[in-house]
Amino acid sequence: MKVLKFGGTSVGSPERIRHVANLIRQSGRNIVVLSAMSGTTNTLVEIADYLYKRNIPGAQDTINQLRAKYQGVVDELYSSDDTKARISDKLERTFQVLTHFTNCEFTAAEEKEILACGELISTTLMQGYFEEIGVRSVLIPALEYMRTGEGGEPDMKYISTRLNRLLALEPDAEVWLTQGYICRNAYGEIDNLRRGGSDYSASLIGAVLNVEEIQIWTDIDGMHTGDPRIVQHTRPVKQLHFEEAAELAYFGAKILHPTCVLPAKLHNIPVRLLNTLDPEAQGTVIANFPPDGTIKAVAAKDNITAIKIKSGRMLLAYGFLHKVFETFNRFNTAIDMMATSEVGVSVTIDNTQHLAAIVDELKHFGTVSVDSDMVIVCIVGNINSDSNSRFCAQAVEALEDIPVRMISYGGSNYNISMLIRACDKQRALNKLNEHLFEQNHG
Ligand code: ASP
Ligand code: MG
C-alpha cells in the first residue's frame, strides 16, 4: 500500500479533479490525502480575519463568494443531477457552519474550525466524483484519527491505533480518501498541522501504516536543481537523501513541506515527488541512499535578518555565546545560521517579531548591528564527500562578484549556506546553477 498526497493546485479545478481521480484509480488500492483546492485556505483565513475584526458583512460576503465558487465546481464536475444535488447539500452544511460563526463569539478555536473546511470540501468533492464513476472510495475522516498531544506534536500511538481501526472497518474499499492538514488537539478540539501541513499528514499516515512509499503529487516534475521560477536551465534531481531533502525543504524549496521528511526518515519510507501534469516523469525519490558525492540542488530562504554582536573579548570571555543564545531562546526566536570570530558572532533569524527586544537585550553584551532584507542561499548535497574537495571553492567562485555577508560550512555533511542581500538573489542563484550544474553535466 502507498500514500498518495495531492496538493491544492492538483485538485484546483473540476478538470484537475477528474484527472487526479483517474491517476488515483490507476494506481491501485492506496490511501489518498487531499489538500484544499488552491486558494481556499487563504480565503478561509480571510473570513476568520473579518470575524476577528467583527466585520460581519465582510465575512458573509467572502463566505458567499466561496459558496458561489463551489457551486460552479459542483455544476462542472458532475454529470448527473442527482450527484449535483447530493454534493451541493453536503457542501451547504459546511457553508452553514461558516455562516454560524458570524453570529457567535470568535476565538482561536472557531478559527481552527473555519480553516478545516477547505479539506472537508475537497474530499467530499472527490468522493462524489468517485461515486459517479463507480469507484468504491471510502472517506476516512482525519478528525477521527489525526491528533496532536499535549506538546503539539503528533500522537503517533493514537493515530496508529485509530487509523488502523478505521481502515479495518472498510476492507472492501478500492480507495481510501482522507483530509490532509486537519487534526484534533490533545483536548479533542479541531486543529491543524500548520499551513502547508498536508505533506506532513501524508508522511505521518505513511509512517504509522509502514507503507511501501509516500507519493507527493504537485505540478512540477520533482525537486529541481534550483527554483525554476527564477533560475534558468534547472533540471529535476533524481535522488535525494532524507537529510538533503530536509535541508532543501527547510531552506526554501516550496515543493515539499519541511515537516514531511522526518516521519518518513524515521521509518525509512521512500518519498517520491511526482507531477500530475506529467505522471510518467521520473520525479525525485527521497530515501536513505548511500553518499554519492554530488551537489544536488540550491535553495533560498527569503526575509532573513542578520544580527551581529561584537565584543572586545569574545573568546576569552567564556559564557558570551551562552548569553547571546539564551537571549534568542527567551524570545522564542530560532537561529538559522551562525558565524563566529574572535571578536564577535553573527546569527540570522527569520522571525522578527521580537527583534527590537532582542537587540535591546544583546546591547548588554556587545555592539549590535542589524541587516534586514537578506537571503540564505543553501547549497545541498554530499558536500563533505572526499571525492570532490572543490565543492566549497566552486560555490564561492560562482559568487565571486556578489557580496557574501556570512558563510556557514561544516554544520552537517549536507550543506553550505551563504547569506547575501535580497537584491542579489536572482543573479546569485543563476550563477550557482550555471557553475554547479551546467558546467559539470554539460
Ligand atoms: N490547505 C492547507 C494550506 O493551504 C494545507 C496544505 O495545502 O498543505 O496550507
Ligand atoms: Mg504544499
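Conventions we followed
Residues numbered from 1 in each chain as written. Chains lettered and ligands numbered in written order. Predicted model: local features only at pLDDT ≥ 70, side-chain atom pairs only at ≥ 80, totals over all residues. Heavy atoms only, no water. Axes fitted to C-alpha atoms, helices over the stretch in contact; angles between N-to-C directions. Helix = DSSP H or I, 4+ residues; strand = E, 2+ residues; numbered from the N terminus. Parallel < 35°, antiparallel > 145°, perpendicular 65-115°, else oblique. Left-handed = near helix turned anticlockwise from the far one by under 90°. Contact = heavy atoms within 4.5 Å. Nonpolar A, V, L, I, M, F, W, Y, C, P; charged D, E, K, R; others polar. Phe/Tyr/Trp six-rings, centres within 6.5 Å; stacked < 30°, edge-to-face > 60°. Buried < 20%, exposed > 50% of the residue type's maximum accessible area, 1.4 Å probe, protein only. Lys NZ or Arg CZ within 6 Å of the ring centre and 35° of its normal. Near = heavy atom within 4 Å. Polar contact = N/O pair within 3.5 Å; in protein donor to acceptor, adjacent residues only side chain to side chain. Areas by Shrake-Rupley, 256 points an atom, 1.4 Å probe, with all protein chains shown as cover.

Attention shifts here to the packing of helix H1 (residues 14–27) against helix H3 (residues 56–77). For the pair H1 and H3, the least separation of the axes is 9 Å and the interaxial angle reads 50 degrees. With respect to H3, the axis of H1 lies oblique. Like other packed secondary-structure pairs, H1 and H3 cross with a definite hand, here right-handed. Of H3, the residues touching H1 (which contributes Pro14, Ile17 and Arg18) are Val73, Glu76 and Leu77. Of the residues that constitute the contact of H1 with H3, the class distribution is four nonpolar, no polar and two charged.

Moving on: the packing of aromatic side chains. All told, the structure shown has four aromatic pairs when counted by the stated rule. Seen from their ring centres, Tyr52 and Phe106 are 4.9 Å apart, and the 80 degrees between their planes marks the pair as edge-to-face. One end of the pair, Tyr52, is in helix H2 (residues 40–52); the other, Phe106, is in the loop between helix H4 (81–100) and helix H5 (108–115), with 54 residues separating them in the sequence. Classification of Tyr52 as partly exposed rests on a relative accessible area of 39%. Centroid distance Tyr250 to Phe251: 5.1 Å. Interplanar angle 85 degrees. Geometry classified as edge-to-face. Against the face of Tyr70 rests Lys69, its NZ or CZ located 5.4 Å from the ring centre. The aromatic ring of Tyr158 is capped on one face by Arg147, whose charged end is 4.6 Å from the ring centroid.

To continue, consider the site of ligand 1. The environment of ligand 1 is made up of Ser35, Ala36, Thr41, Glu119, Tyr181, Arg195, Gly196, Gly197 and Ser198. With respect to ligand 1, the backbone of Gly196 contributes an N or O atom lying 2.8 Å from an oxygen atom. In the environment of ligand 1, an oxygen atom lies 3.4 Å from a nitrogen or oxygen atom belonging to the backbone of Gly197. Here ligand 1 loses 85% of its free accessible area of 260 Å² to cover by the protein chains. Class assignment for the residues of the shell around ligand 1 results in two nonpolar, five polar and two charged.

For the pair H5 and helix H6 (residues 117–132), interaxial distance at closest approach is 5 Å and the crossing angle is 25 degrees. Taken together, H5 and H6 sit at an angle that is classed as roughly parallel. Here H5 contributes Glu113, Ile114 and Leu115 to the contact with H6, which in turn contributes Cys117, Gly118 and Glu119. Split by residue class, the contact of H5 with H6 holds three nonpolar, one polar and two charged.

Shape descriptors only; they carry no functional weight alone.
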